[in-house]
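These are the residues of each chain, in order.
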Amino acid sequence: MSVVQMMKTEPSVDETKVTKEEDFQPTFLDLTGVSIEFPTKKGAFKALDNVNLKIAKGEFISIIGHSGCGKSTVLNIVAGLYKATTGGVILNGKEVDEPGPDRAVVFQNHSLLPWLTCYQNVEIAVKAIFKKKKTKREMKEWIEHNLHLVHMDHAMHKYPAEISGGMKQRVGIARALAMEPTVLLMDEPFGALDALTRAHLQDSVMEIQSDLNNTVIMITHDVDEAVLLSDKIVMMTNGPAASVGEILKVELERPRNRLELANDPQYNKYRAEVLKFLYERQRRPQE
Amino acid sequence: MKTKIINTLEMTGLSWMVPVVRLSTGENPREQLSEIMTVIGLPLLAIAAFLFLWAGAASQVKTSLGELPGPSQVWEQTQGLYEEHVAEREKEEAFYERQEERNAKKLAINPDAEIKVREYTGRDTFFDQIWTSLGTVFTGFLIGALIAIPIGVACGLSDKLYGAISPLVQIFKPVSPLAWLPIVTMVVSAVYISDDPMFEKSFITSAITVTLCSLWPTLINTAVAVASIDKDLINVGRVIRLHWVTQVFKIAIPASLPMIFTGLRISLGIGWMVLIAAEMLAQNPGLGKFVWDEFQNGSSDSLGRIMVAVLAIGLIGFLLDWLMLTLQKVLSHDKNAGR
Ligand SMILES: Nc1ncnc2c1ncn2[C@@H]1O[C@H](COP(=O)(O)OP(=O)(O)OP(=O)(O)O)[C@@H](O)[C@H]1O
Ligand SMILES: [Mg+2]
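Residues numbered from 1 in each chain as written. Chains lettered and ligands numbered in written order. Predicted model: local features only at pLDDT ≥ 70, side-chain atom pairs only at ≥ 80, totals over all residues. Heavy atoms only, no water.

1. Things to note about the pairing of strand β5 (residues 86-91) of chain A
All names here are of chain A. Sheet topology places strand β2 (residues 27-40) next to β5; five bridges connect them, and they run antiparallel. In the sheet register, Thr32 faces β5, and the bridge partner there is Gly88. The pairing of β5 with strand β6 (residues 94-95) spans two bridges and is classified as antiparallel. Bridged to Ile90 within β6 is Glu95. The antiparallel pairing of β5 with β6 creates a hairpin that spans two residues between the two strands, and Asn92 there sits at a positive phi of about 55°. (Pairing = 2+ DSSP bridges. Helix = DSSP H or I, 4+ residues; strand = E, 2+ residues; numbered from the N terminus.)

2. A look at the domain arrangement of chain B
When the parts come together, some accessible area is lost, and that loss is often what is quoted as the size of the interface. All names here are of chain B. Segmentation of chain B into domains returns domain 1 (2-58) and domain 2 (126-332). Each of domain 1 and domain 2 has a C-alpha centre, and these two points are 32 Å apart. Contact residues are listed per partner, giving five residues for domain 1 and six residues for domain 2. Among the residues of domain 1 in contact with domain 2, Met11, Thr12 and Trp54 are the three that bury the most area, contributing 83% of the side total. Applying the counting criterion to the domain 1 and domain 2 interface returns zero salt bridges. (Domains from an automatic or database assignment. Contact = heavy atoms within 4.5 Å. Buried area = accessible area lost by both parts, 1.4 Å probe. Salt bridge = Lys/Arg side-chain N within 4 Å of Asp/Glu carboxyl O.)

3. Here we look at the site of ligand 1
Residues and elements named next belong to chain A. With respect to spatial proximity, 14 residues lie near ligand 1, and among them Ser67, Gly68, Lys71, Ser72 and Thr73 are the closest. In the model, an oxygen atom of ligand 1 is placed 2.8 Å from a nitrogen or oxygen of the Gly68 main chain. Between an oxygen atom of ligand 1 and a side-chain N or O atom of Gln108, the distance comes to 3.3 Å. When the free accessible area of ligand 1 is taken as 630 Å², the share hidden by the protein chains comes to 67%. If you list the elements that add at least two residues to the shell around ligand 1, you get β3 (43-56) and α1 (71-79). Top contributing element to the shell around ligand 1 by residue count: α1, with three residues. Residue composition of the shell around ligand 1, grouped by class: five nonpolar, seven polar and two charged. (Near = heavy atom within 4 Å. Polar contact = N/O pair within 3.5 Å; in protein donor to acceptor, adjacent residues only side chain to side chain. Areas by Shrake-Rupley, 256 points an atom, 1.4 Å probe, with all protein chains shown as cover. Nonpolar A, V, L, I, M, F, W, Y, C, P; charged D, E, K, R; others polar.)

4. A look at the confidence of the model for chain B
When pLDDT is averaged along chain B, the result is 88; 98% of the residues meet or exceed 70. The element-level mean pLDDT for chain B is lowest in strand β2 (residues 66-67) of chain B, coming to 80, with helix α5 (residues 126-157) of chain B highest at 94. (pLDDT = per-residue confidence, 0-100.)

5. Side note on the side chain of B:Thr136
Residue and element names in this part refer to chain B. Topologically, Thr136 is positioned in helix α5. In terms of polar contacts, Thr136 uses its side chain to reach the backbone carbonyl oxygen of Thr132, at 2.6 Å. For Thr136, the residues in contact, after removing those within four places along its chain, are Phe203, Ser206, Ala207 and Leu275.

6. So, the pattern of salt bridges
For the coordinates displayed, the defined rule picks out 20 salt bridges over all chains. Put simply, B:Arg89 and B:Asp128 hold a salt bridge, and the shortest N to O gap is 3.0 Å. Taken as a pair, B:Arg89 in helix α4 (residues 71-109) and B:Asp128 in helix α5 lie far apart in primary sequence, 39 residues in all. Judged by its relative accessible area of 13%, B:Asp128 is buried. Residue B:Arg265 pairs with B:Asp321 through a salt bridge whose shortest N-O separation is 3.1 Å. Linking B:Arg265 in helix α10 (residues 244-282) with B:Asp321 in helix α12 (residues 302-331), this pair joins segments that are 56 residues apart in sequence. If you follow the salt bridges from partner to partner, you end up with A:Arg198, A:Asp222 and A:Glu225 in one network. (Buried < 20%, exposed > 50% of the residue type's maximum accessible area, 1.4 Å probe, protein only.)

7. Structural notes on the sheet that holds β5(A)
Residues and elements named next belong to chain A. Judged by pairing direction, the sheet is antiparallel, and its four strands sit side by side in the order β3-β2-β5-β6 without closing on themselves. Each edge of the open sheet is held by one strand with a lone partner, namely β3 and β6. α1 rests against β2, β3 and β5 of the sheet, and its axis sits at about 115° to β2. (Axes fitted to C-alpha atoms, helices over the stretch in contact; angles between N-to-C directions.)

8. Here's the deal with a negative patch on the surface
All names here are of chain B. Taken together, Glu90, Glu93, Glu97, Glu100 and Glu101 make up a surface patch of like negative charges. Positionally, Glu93 belongs in helix α4. Overall, Glu93 belongs to the exposed group, its relative accessible area being 54%. (Patch = residues over 30% accessible without salt bridge, like charges linked within 9 Å, V, L, I, M, F, W, Y side chains within 5 Å. Lys, Arg positive; Asp, Glu negative; His and termini not counted. Charge placed at Lys NZ, Arg CZ, Asp CG, Glu CD.)

9. Thoughts on helix α7 (residues 177-191) of chain B
Residues separated by three or four positions in an α-helix point in the same direction, a consequence of the helix having 3.6 residues per turn. Residues and elements named next belong to chain B. With 15 residues, α7 should cover 21 Å at 1.5 Å per step; its first-to-last C-alpha distance of 20 Å lies within 8% of that length. At Ile183, α7 is bent by approximately 30°, the largest bend along its length. Within α7, the full set of buried residues consists of Pro177, Leu181, Val184 and Val188. (Expected span 1.5 Å × (residues − 1). Bend = angle between axes of the 7 residues up to and from the residue.)

10. Examining the state of the cysteines
Scanning the entire structure with this criterion turns up zero disulfides over all chains. B:Cys155 forms no disulfide, and the closest cysteine sulfur to it belongs to B:Cys213, at a distance of 19 Å. (Disulfide = S-S within 2.5 Å.)

11. Notes on the packing of aromatic side chains
Residues and elements named next belong to chain A. Counting across every chain of the model gives twelve aromatic pairs over all chains. Measuring from centroid to centroid gives 6.4 Å for Phe130 and Trp142, while their planes differ by 85°, and the two rings are edge-to-face. One end of the pair, Phe130, is in the loop between α2 (118-129) and α3 (136-149); the other, Trp142, is in helix α3, and twelve residues separate them in sequence. We classify Phe130 as buried; its relative accessible area is 5%. What makes Trp142 buried here is its relative accessible area of 16%. (Phe/Tyr/Trp six-rings, centres within 6.5 Å; stacked < 30°, edge-to-face > 60°.)

12. Quick notes on the packing of helix α4 (residues 165-178) of chain A against helix α5 (residues 195-212) of chain A
Residues and elements named next belong to chain A. The contact between α4 and α5 brings their axes to 11 Å, and the two run at 15°. As summarised for this structure, α4 and α5 are arranged roughly parallel, according to the angle between their axes. In this structure, the crossing between α4 and α5 has a hand that is right-handed. In this structure, α4 contributes Gly166, Gln169, Arg170, Ile173 and Leu177 to the contact, and α5 contributes Thr197, His200, Leu201, Val205, Ile208 and Leu212. Partitioned by chemical class, the residues of the contact of α4 with α5 number six nonpolar, four polar and one charged. (Parallel < 35°, antiparallel > 145°, perpendicular 65-115°, else oblique. Left-handed = near helix turned anticlockwise from the far one by under 90°.)

Here it is as structure tokens:
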């Protein structure tokens with residue numbers, strides 16, 4: 001069986017690699033024909049055109065593509081923060097039409113409220129969501145539990161300005177996890193971090209995901225990160241009117257170890273696939 | 001302990017004290033001494049130079065009321081004003097004592113006697129005037145803030161509302177409040193009628209004048225601050241489905257607090273300047289009236305006393321600004337705010 005299984009949405013390019021395979025898992029999150037136009041001064045700007053994506057429960061999806069192609073826009077539509085012009089998102093049989101804690105977002109630049117401590121940043125979400133469902137003590141335990149998951153117990157009562165970028169990102173993840181989301185949406189969660197911190201956090205995320213079995217959509221620029229973490233890599237074509245170019249299934253066994261994988265031929269094959277897509281087929285015109 | 005003291009000093013804008021504290025704990029004496037030289041020594045030197053120039057220049061200017069007062073005359077007048085204040089207080093006490101004695105005697109003779117309690121109606125001293133002005137400026141400023149902040153928040157949240165009232169703001173903002181003064185005076189006289197008024201009419205007039213001018217910077221700053229809150233912060237609120245009231249109080253206002261405070265600081269500064277002018281013009285009690293009365297008085301001490309008032313006005317303005325800045329640092333998350 002071929003290692004690389006491509007599921008293509010555009011039937012035009014490169015037929016040889018396609019081994020059509022039905023997805024046996026039921027669809028949990030379904031994007032159908034999603035297009036969006038932004039009103040601008042020069043008229044409507046079509047950022048996304050006919051994006052289709054089916055995601056099963058517990059899957060870890062990453063979206064990769066060149067800067068400005070519309071990755072964040074896809075995420076924001078799933079989050080309900082933007083409304084698709086045509087098409088729509090169905091989550092667990094229900095249409096998504098507003099933001100909600102079942103689709104927690106880890107924002108591109110952490111977005112912690114600077115006037116609250118790390119604890120209070122998680123607390124504000126927990127209080128809003130579990131107002132009537134948890135007692136005060138349960139809430140406290142739940143907040144501390146989530147900060148513990150991202151190894152932030154020691155700096156719980158510090159303000160965002162007093163902690164490092166990596167720590168802020170962790171608190172952002174803790175806040176999202178504390179919402180008990182059915183889908184976790186992460187927009188370049190490790191984008192602004194140094195390689196070492198990034199590796200640490202990637203490991204934490206893998207750990208947490210194997211514990212909680214969340215459905216995750218993560219945006220990234222980093223090919224290694226995408227291959228290491230994902231079950232499927234969604235590669236987007238360049239904008240404007242961007243769409244899903246190819247979807248790469250990553251069938252590496254979990255738990256994955258970055259050091260062992262470095263010399264793994266399968267791993268490197270996946271990497272090469274993504275790189276090829278980004279730098280050959282979707283080379284940016286100006287580069 | 002030391003760090004705590006130093007933090008408090010920096011928080012309250014007394015950072016020039018920091019090297020003194022450091023020196024007293026024997027930390028790197030040489031560096032601290034040179035630090036003291038720059039943060040304390042140089043300003044002192046500048047003040048000394050100013051006093052010297054002032055003393056020199058003042059004796060050259062001859063006015064109809066005599067020489068322009070120099071620093072030493074002004075200092076004498078300050079003491080004089082203080083003595084006057086103390087004397088006036090003694091007189092007042094004596095007055096009340098006598099009144100009480102009289103009443104006690106009356107009651108001793110006839111327990112059913114009607115006793116009269118009269119208010120002391122002495123002259124307002126310089127220090128009384130300072131308190132009057134401070135009370136007025138804070139009243140006007142607080143009313144202004146209570147009006148401006150909610151409207152500003154509403155404008156920041158709704159482009160349409162902002163667009164609607166923006167022309168009004170643009171037109172009223174540049175109007176000197178002194179132009180309002182006659183209208184405010186007339187309206188207050190017409191509307192504020194009561195037999196036993198809680199506040200003096202003049203107080204209300206001055207306070208409203210302060211309100212009218214301290215409104216705008218706070219309103220505009222609040223609106224701009226709320227409108228330019230980082231969208232991600234708002235989105236955090238949307239994802240956790242905060243009620244819009246909670247959204248306003250837990251996210252919008254704290255996020256814009258630094259800028260709101262900057263607006264409040266500007267407002268209070270303008271309010272203080274305008275109040276003095278309004279008091280002069282309308283003869284409403286306060287420091288402005290003191291200056292005007294001294295000017296009309298035209299004695300040989302007058303210029304010196306006015307100079308004392310000028311310095312006091314400046315000093316108080318400075319203290320008000322410092323107060324706002326400290327409040328801002330304590331209350332808002334942006335610890336490096338303002339300068
Ligand atoms: N609110 C908006 N109004 C107008 N245009 C927008 C808006 N949001 C996004 N766009 C446009 O849509 C396109 C896609 O933007 P998006 O932020 O989704 O890109 P991205 O792939 O996330 O980029 P990056 O990797 O740099 O974060 C861009 O051309 C952007 O200018
Ligand atoms: Mg983006």
